[in-house]
Amino acid sequence: MAAYKGHRMNPDKFEKGQIKLYLFVIPLVLITGLPIIFIFFHAFKPMEELFAFPPKFITTNPTLDNFRKLFKASRSAGIPLSKYVFNTLLITVSVVFSSVVLSSAAAYAMSKLKFIGRDLSFKINQLAIMFVPVAVMIPRYLVVEVLGLTDTYWSQILPLIPLPVAVFLLKQFVDTVPDSLIEAAYMDGATELHVFTKIIIPMIKPALATAVVLVFQQVWGALEASNYYINDEGLKSLAFYMNTLSNASNGVAGQGMQAAASLILFIPNLIVFCILQKNVMNTMAHSGIK
């Protein structure tokens, strides 16, 4: 009698048992992937295909005219496009770094440190997840105004640093770090900073990568800060500029510019996700293991 080989979730070669899985996964892949493909093709459609009926999913005569019109319109503006790119890179890098560092530190404190108000702090963080940005728009503006941060980079950086979802996600990972490992580090003379940087951070790298993706997506396409807190055109973000530029030509000719601007703003999100995809998938796989 042949020995039982067990069940393998990831066999080395194709097996008939995988057909059921493919029948379930392929429709999901199409549903999630087709919009991404459409964004790419839509940006390269000529004018007659943009307004074709029925609409064409894949363009038959791709062109770069939409991008030429977009960059031509940007050259006619008083502020060069490079200035908006610099502003966005500065804001994005500052927010992503600050948010991930502070969120991971808060997650470590709420999970492993003992202090008065620890549980209350975590409950407040959970409560903050329920609030959409529009709900706190007016209080946030009043805080920025009172602190005198209008027309500064700080008004576009500080309000975006807190991300309750990232704190919640990171805390779930820190909870899985054995207390005995931390206690052993204390016995060896490690400080809190050493434990955090040398033990906690390496063990929650998948969650950190996911937090980077979440924060980046929030910051890269943000329009609110440039719209509400900034009057100086030289301090506004690329997303706001692209949105304003395409809306200024909000006619038949402007549709192609809007499609090109959407693709330009979408590509960095896709690149960041592709780079960190492995860690993000590890986060999803690990989230159900306790």
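What you are looking at is a predicted structure, and each value in this text was computed from that prediction instead of being measured. (Residues numbered from 1 in each chain as written. Predicted model: local features only at pLDDT ≥ 70, side-chain atom pairs only at ≥ 80, totals over all residues. Heavy atoms only, no water.)

**Q** Just to check I follow, could you spell out helix H10 (residues 192–203) for this structure?
**A** Three- or four-residue spacings in an α-helix give side chains the same orientation, since the helix completes a turn every 3.6 residues. Taking 1.5 Å per residue, 12 residues should reach 16 Å; H10 reaches 16 Å between its end C-alpha atoms and fits that length. Of the surrounding secondary structure, the elements contacted by the buried residues of H10 are helix H4 (81–112), helix H8 (164–175) and helix H9 (179–187). (Helix = DSSP H or I, 4+ residues; strand = E, 2+ residues; numbered from the N terminus. Expected span 1.5 Å × (residues − 1). Contact = heavy atoms within 4.5 Å.)

**Q** I tried to follow the layout of surface pockets on my own but got confused; where do I start?
**A** In this approach, a probe sized like a water molecule rolls over the atoms, and the result shows the empty space that is left. Its volume calculated, the largest pocket comes out at about 840 Å³. For the largest pocket, the lining is made up of 28 residues, of which Val136, Arg140, Pro162, Pro164 and Gln218 are closest to its centre. Among the secondary structure elements, those contributing two or more residues to the lining of the largest pocket are helix H5 (118–129), helix H6 (137–146), H8 and helix H12 (224–228). Considering every element that reaches the lining of the largest pocket, the biggest residue donor is H5, with 5 residues. When the residues that make up the lining of the largest pocket are grouped by side-chain class, the tally is 22 nonpolar, 4 polar and 2 charged. (1 Å grid on protein atoms, 1.4 Å probe; cavity = no way out; pocket = protein on both sides within 12 Å on 5 of 7 lines; lining within 4 Å. Points joined across faces, edges and corners; volume = space filled by probe spheres on them. Nonpolar A, V, L, I, M, F, W, Y, C, P; charged D, E, K, R; others polar.)

**Q** Sorry if this is basic, but what is going on with the environment of Val219 here?
**A** As for its placement among the helices and strands, Val219 is situated in helix H11 (residues 205–220). Taking C-alpha positions, Val219 is 9.1 Å from Gln156, a pair spaced 63 residues apart along the chain. Other than its neighbours up to four places away in sequence, Val219 contacts Ile91, Thr92, Val95 and Leu160.

**Q** So what exactly am I meant to see when it comes to empty space enclosed by the protein here?
**A** Tallying each qualifying case throughout the model produces 1 cavity of 30 Å³ or more. Taken as a whole, the largest cavity encloses approximately 90 Å³ of empty space. Ile91, Gln156, Val219, Ala222 and Ser237 are, among the 13 residues lining the largest cavity, the residues nearest its centre. Those elements that place two or more of their residues in the lining of the largest cavity are H4, H11 and H12. In terms of residue count, the dominant contributor to the lining of the largest cavity is H4 (3 residues). For the lining of the largest cavity, the class distribution of residues is 8 nonpolar, 5 polar and no charged.

**Q** Could you clarify how one ought to interpret the packing of H9 against H10 in this entry?
**A** Between H9 and H10, whose axes approach to 10 Å, the crossing angle comes to 145°. Both H9 and H10 take part in a crossing whose hand is right-handed. Residues Leu181, Ile182, Ala185 and Tyr186 of H9 pack against Glu192, Val195, Ile199, Ile200 and Met203 of H10. Grouping the amino acids of the contact of H9 with H10 by side-chain chemistry returns 8 nonpolar, no polar and 1 charged. (Axes fitted to C-alpha atoms, helices over the stretch in contact; angles between N-to-C directions. Left-handed = near helix turned anticlockwise from the far one by under 90°.)

**Q** Can you help me understand the nonpolar core in this one?
**A** A general tendency of soluble globular proteins is for nonpolar side chains to be buried together. With 49 residues, the main nonpolar core has Leu70, Val95, Val195, Ile200 and Ile204 as its most contacted residues. Here this core takes 9 residues from H11, the largest share from any one element. Ignoring sequence-local partners within four residues, the contact set of Leu70 consists of Met242, Leu245, Met257, Ala260, Ala261 and Ile264. Judged by nonpolar contacts, the second largest core, of 6 residues, contains Val144, Leu149, Tyr229 and Leu235. (Core = buried A, V, L, I, M, F, W, Y, C linked by side-chain atoms within 4.5 Å. Buried < 20%, exposed > 50% of the residue type's maximum accessible area, 1.4 Å probe, protein only.)

**Q** Just checking my understanding: could you explain unusual backbone geometry for this structure?
**A** Leaving glycine out, the prevailing phi sign among residues is negative, and the prevailing peptide bond configuration is trans. Positive phi is not limited to glycine here, since Asp151 has a value of about 60°. With respect to the secondary-structure elements, Asp151 resides in the loop between H6 and helix H7 (154–157). Relative accessible area serves as the criterion here: at 30%, Asp151 is assigned to the partly exposed category.

**Q** What is the right way to look at the environment of Lys205 in this model?
**A** Mapped onto the secondary structure, Lys205 falls in helix H11. You can call Lys205 exposed: its relative accessible area is 51%. Between the C-alpha atoms of Lys205 and Phe173, which are 32 residues apart in sequence, the distance is 9.4 Å.

**Q** I would appreciate a short explanation of the pattern of salt bridges in the present structure.
**A** Any two side chains of opposite charge can pair, given that their charged atoms come close. Applying the stated criterion across every chain yields a total of 5 salt bridges. Here Asp179 ties to Lys112 by a salt bridge, and the two come within 2.8 Å at their closest N and O atoms. A residue pair is termed long-range when its members are at least 10 positions apart, and Asp179 in helix H9 and Lys112 in helix H4 qualify at 67 residues. On the accessibility criterion, Lys112 (16% relative accessible area) is buried. (Salt bridge = Lys/Arg side-chain N within 4 Å of Asp/Glu carboxyl O.)

**Q** Explain the packing of H5 against H8 to me, please; I cannot follow it from the model alone.
**A** Between two packed helices, what matters for the description is the angle formed by their axes and the separation of those axes. Interhelical geometry of H5 versus H8 gives an angle of 130° and a closest axis separation of 8 Å. In terms of orientation, H5 and H8 fall into the oblique class. Once H5 is placed against H8, the crossing between them reads as left-handed. Between H5 and H8, the contacting residues are Phe122, Asn125, Gln126, Ala128 and Ile129 on the first element and Pro164, Val165, Val167, Phe168, Lys171 and Gln172 on the second. For the contact of H5 with H8, a count of residues per class yields 7 nonpolar, 3 polar and 1 charged. (Parallel < 35°, antiparallel > 145°, perpendicular 65-115°, else oblique.)

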